[in-house]
Amino acid sequence: MFQVLPQPIEDILRVLEYWDHILAGFLTTMELYGGALVMGFFLGLLLALLRQYGGIILSRIATGYIEIIRGTPLLAQLFFIYFLPYSMNSILEAQGLSPIPIGKWNIQTDIIILDRIITYTIFDHRMLVGLLTLGLNSAAYQAEYIRGAIKSVGTGQLLAAQSLGMSRLAAIRHVVLPQALRRVIPAWSNEAAYLPKYTVVVFFIGVVDLFGEAHFIVANTFRTLTTYVFIALIFLALITIVSKALDFIHKRTSIPGV
Amino acid sequence: MIRIVDGWKSYGDLQVLKGVSFEVGEQEVKVIFGPSGSGKSTLLRCINMLDPLDKGEVYLHEQNLIAPGVNPNMMRARIGMVFQHFNLFAHLKAIDNVSIGLRRVKKLPKEEARAKALEMLGRVKMAKWADHYPAQLSGGQQQRVGIARALSMKPDVILFDEPTSALDPELIGEVLQVMLDIAKSGTTMIVVTHEMGFAKAVASEMLFLDNGIIVERGTPQHFFVSPKSERVKHFLKQLDILYGSHKELLKRSNEEESK
């Protein structure tokens, strides 16, 4: 008698009323994603080079870092980095030193679109922890992709460059890396596709990203399924665009004849 | 001009070079040959210090390359190398493969490096392929670009590490022709090869390397007419089967049949 009929259009409209929240969450997710991907790339490149060419000591350090990061849960890493400054503060205070002003870093901005004011946190200590964790984590995975590509270039190229009188560093820079970075794109696109979904762990330290905003919307509208499917579609769209873009870059940079 | 004195090299337990000494004079062409695993390639890599000797010295114009304080990169720029598998830089066009040394090592401006590289490609008859990538070239063409790349640095000596043994038989000729031209223009060369025709034409001396030592040395005439050691005789016979008139092979198969 009192059967509730599904009303999809109404549900979607109800969720879309919170477009300002969705937008703010999307920006936060993109900031974490972009920041971590870029940080992970440069650190990963460094780790890959150290592991491949760093000699006994440096290559072991790089290997150790990669294995520790890949072997422990991302969430554990997140909590470790999040709580580290707090426990350091208690030590600092016990020694009479001034503590790290954790909560003081906070940059916010108000974005006004139509009738809504979106208070967007560009940066605070939670964002920093999120960025650091995701970046440091992604670096370990990216390092292995890049190292695989470097290895596939082969030593012959390096020898040939050195035989012309190039230093090892110059040979790596001008001969090995231009080829390795072209080759790494298909494998690396894996990381570019994984990372957006990993960013949702920041929910646990109170960063309100796309997923955090979804919880907020659900709490206000009780449209559970609609909200999460909508959020999932945003991820799907984002990752599809990224992966198409990488395909395009891979084709554009491919070496003729290879 | 280039001199290697009592060179020793091992990889782990494997002793590859056991006291190799020889000298190459200005504008001289030395041919090194011998069975695989005899240390020929290792010897070349030791000369340009891509793989430094364990013991012994290498002198270029009386300068000890292994002495402390010598920058091996600077020295390598004066010793060209041509590889068995060409090792062209896959991401660069033929012209850029040749000019990269001029640009990155000799620090020449772009235009000047390009002009010189084009001239070098002309010397190996590859000028019209300047804008092709290595993967778009045949093996013989790639190796000619490899030779142009080595030539571009105007090295004192060029080392050739079996430059034709990865090539289809049809393509060997064009590479040997280029090497012949270079040899005749007065380039100092150390060539590891089994191309006896080439050796006959330009080698001033041939070295037979086996098991890390120079077993026999002499002019091409000496090797083809009256080699002394049994090892060399046997090896040349094998080469004859490979490149010769197949008389030996026919004789053997007839013998097998008659049994």
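Remember, it's a predicted structure, so these values are computed and weren't measured experimentally. (Residues numbered from 1 in each chain as written. Chains lettered and ligands numbered in written order. Predicted model: local features only at pLDDT ≥ 70, side-chain atom pairs only at ≥ 80, totals over all residues. Heavy atoms only, no water.)

**Student:** Can you walk me through the confidence of the model for chain B in this structure?
**Tutor:** The predicted coordinates should not be examined in detail at positions where pLDDT is low. When the pLDDT values of chain B are averaged, the result is 91; 96% of them are 70 or greater. Scored by ipTM, the complex comes to 0.89, with pTM at 0.88. (pLDDT = per-residue confidence, 0-100.)

**Student:** What is the right way to read the side chain of A:Gln162 from this model?
**Tutor:** One can find A:Gln162 in helix 6 (residues 155–163). A relative accessible area of 10% means that A:Gln162 is categorised as buried. Ignoring any residue separated from it by four or fewer positions in sequence, one finds A:Gln162 in contact with A:Arg168, A:Ala171, B:Leu50 and B:Arg76. (Helix = DSSP H or I, 4+ residues; strand = E, 2+ residues; numbered from the N terminus. Buried < 20%, exposed > 50% of the residue type's maximum accessible area, 1.4 Å probe, protein only. Contact = heavy atoms within 4.5 Å.)

**Student:** How do you make sense of empty space enclosed by the protein when you look at a structure like this?
**Tutor:** The rolling of a water-molecule-sized probe over the atoms marks out the regions of remaining empty space. One pass over the full model with this rule turns up one cavity of 30 Å³ or more. In this structure, the largest cavity occupies an estimated 30 Å³ of space. Around the largest cavity, the lining residues are A:Ser163, A:Leu164, B:Arg76, B:Ala77, B:Ile79, B:Gly80, B:Ala150, B:Met153 and B:Pro155. (1 Å grid on protein atoms, 1.4 Å probe; cavity = no way out; pocket = protein on both sides within 12 Å on 5 of 7 lines; lining within 4 Å. Points joined across faces, edges and corners; volume = space filled by probe spheres on them.)

**Student:** I tried to follow the nonpolar core on my own but got confused; where do I start?
**Tutor:** The tendency in soluble globular proteins is for nonpolar side chains to be buried as a group. Counting 81 residues, the largest nonpolar core has B:Phe22, B:Leu43, B:Ile47 and B:Ile190 as its most contacted members. Per-element accounting of this core gives the leading share, twelve residues, to helix 7 (residues 168–198) of chain A. When near neighbours in sequence (up to four residues on either side) are disregarded, B:Ile47 contacts B:Ile2, B:Ile4, B:Phe22, B:Val58, B:Leu65, B:Ile79, B:Leu159 and B:Ile190. Counting 47 residues, the second-largest nonpolar core is a separate cluster that includes B:Ala94, B:Met120, B:Leu151 and B:Phe223. (Core = buried A, V, L, I, M, F, W, Y, C linked by side-chain atoms within 4.5 Å.)

**Student:** Help me understand the pairing of strand 4 (residues 55–60) of chain B, please; the structure alone is not making it clear to me.
**Tutor:** Along any regular strand the residues' side chains alternate between the sheet's two faces. All names here are of chain B. Pairing of strand 1 (residues 2–11) with strand 4 involves five bridges; the strand directions are antiparallel. Note on strand 4: the bridge partner recorded for isoleucine 2 is leucine 60. Strand direction decides the pairing type here: strand 4 and strand 5 (residues 63–64), joined by two bridges, are antiparallel. Bridge pairing links tyrosine 59 to asparagine 64 in strand 5. Turn length for the strand 4-strand 5 hairpin, with the two strands adjacent in sequence and antiparallel, is two residues, and the turn residue histidine 61 shows positive phi of about 50 degrees. (Pairing = 2+ DSSP bridges.)

**Student:** Can you help me understand the sheet that holds strand 8 (residues 189–192) of chain B in this one?
**Tutor:** Where strands meet in a sheet, backbone hydrogen bonds hold them as pairs that are either parallel or antiparallel. All names here are of chain B. With mixed pairing, six strands are arranged side by side in an open sheet as 6-7-8-3-9-10. Every other strand in the sheet has two partners, leaving strand 6 (79–82) and strand 10 (213–218) as the edge strands with one partner each. The mean angle between the axes of side-by-side strands here comes to 20 degrees, regardless of whether they run parallel or antiparallel. Alignment of strand 3 (residues 29–33) against strand 9 (residues 205–210), held across four bridges, turns out to be parallel. Paired with lysine 30 across the strands is glutamate 205, a residue of strand 9. With respect to the sheet, helix 1 (residues 40–47) is in contact with strand 3, strand 6, strand 7 (157–161), strand 8 and strand 9, its orientation differing from that of strand 7 by roughly 150 degrees. (Axes fitted to C-alpha atoms, helices over the stretch in contact; angles between N-to-C directions.)

**Student:** What's the story with helix 6 (residues 169–184) of chain B in this structure? I'm lost.
**Tutor:** Quick reminder: α-helices carry 3.6 residues per turn. Residues three or four places apart thus point the same way. Residues and elements named next belong to chain B. For helix 6, which comprises 16 residues, the first-to-last C-alpha distance of 23 Å matches the rise-based estimate of 22 Å (1.5 Å per residue) to within 8%. Those residues of helix 6 not exposed but buried are Leu171, Ile172, Val175, Leu176, Val178, Met179, Leu180, Ile182 and Ala183. Buried residues along helix 6 sit against strand 3, helix 4 (110–123), helix 5 (139–152), strand 7, strand 8 and helix 7 (196–202). At the C-terminal side of helix 6, glycine 186 shows a positive phi close to 95 degrees. (Expected span 1.5 Å × (residues − 1).)

**Student:** In this structure, what is going on with the packing of helix 2 (residues 19–53) of chain A against helix 7 of chain A? I would like to understand it.
**Tutor:** Residue and element names in this part refer to chain A. Relative orientation of the contacting elements helix 2 and helix 7 amounts to 135 degrees, with a least axis distance of 10 Å. Classified by the interaxial angle, the pair formed by helix 2 and helix 7 is oblique. Judged by the twist between their axes, the crossing of helix 2 over helix 7 is right-handed. Of helix 7, the residues touching helix 2 (which contributes Tyr33, Ala36, Leu37, Phe41, Leu45, Leu49 and Tyr53) are Arg168, Ile172, Val176, Leu177, Leu181, Trp188, Ala192, Leu195 and Pro196. Grouping the amino acids of the contact of helix 2 with helix 7 by side-chain chemistry returns 15 nonpolar, no polar and one charged. (Parallel < 35°, antiparallel > 145°, perpendicular 65-115°, else oblique. Left-handed = near helix turned anticlockwise from the far one by under 90°. Nonpolar A, V, L, I, M, F, W, Y, C, P; charged D, E, K, R; others polar.)

**Student:** What is the right way to look at unusual backbone geometry in this model?
**Tutor:** All names here are of chain B. In this structure, lysine 154 is a non-glycine residue whose phi angle is positive, near 45 degrees. Notably, asparagine 211 is not glycine yet its phi reads approximately 60 degrees, a positive angle. Summarising the element assignment, asparagine 211 is placed in the loop between strand 9 and strand 10. We classify asparagine 211 as partly exposed; its relative accessible area is 48%.

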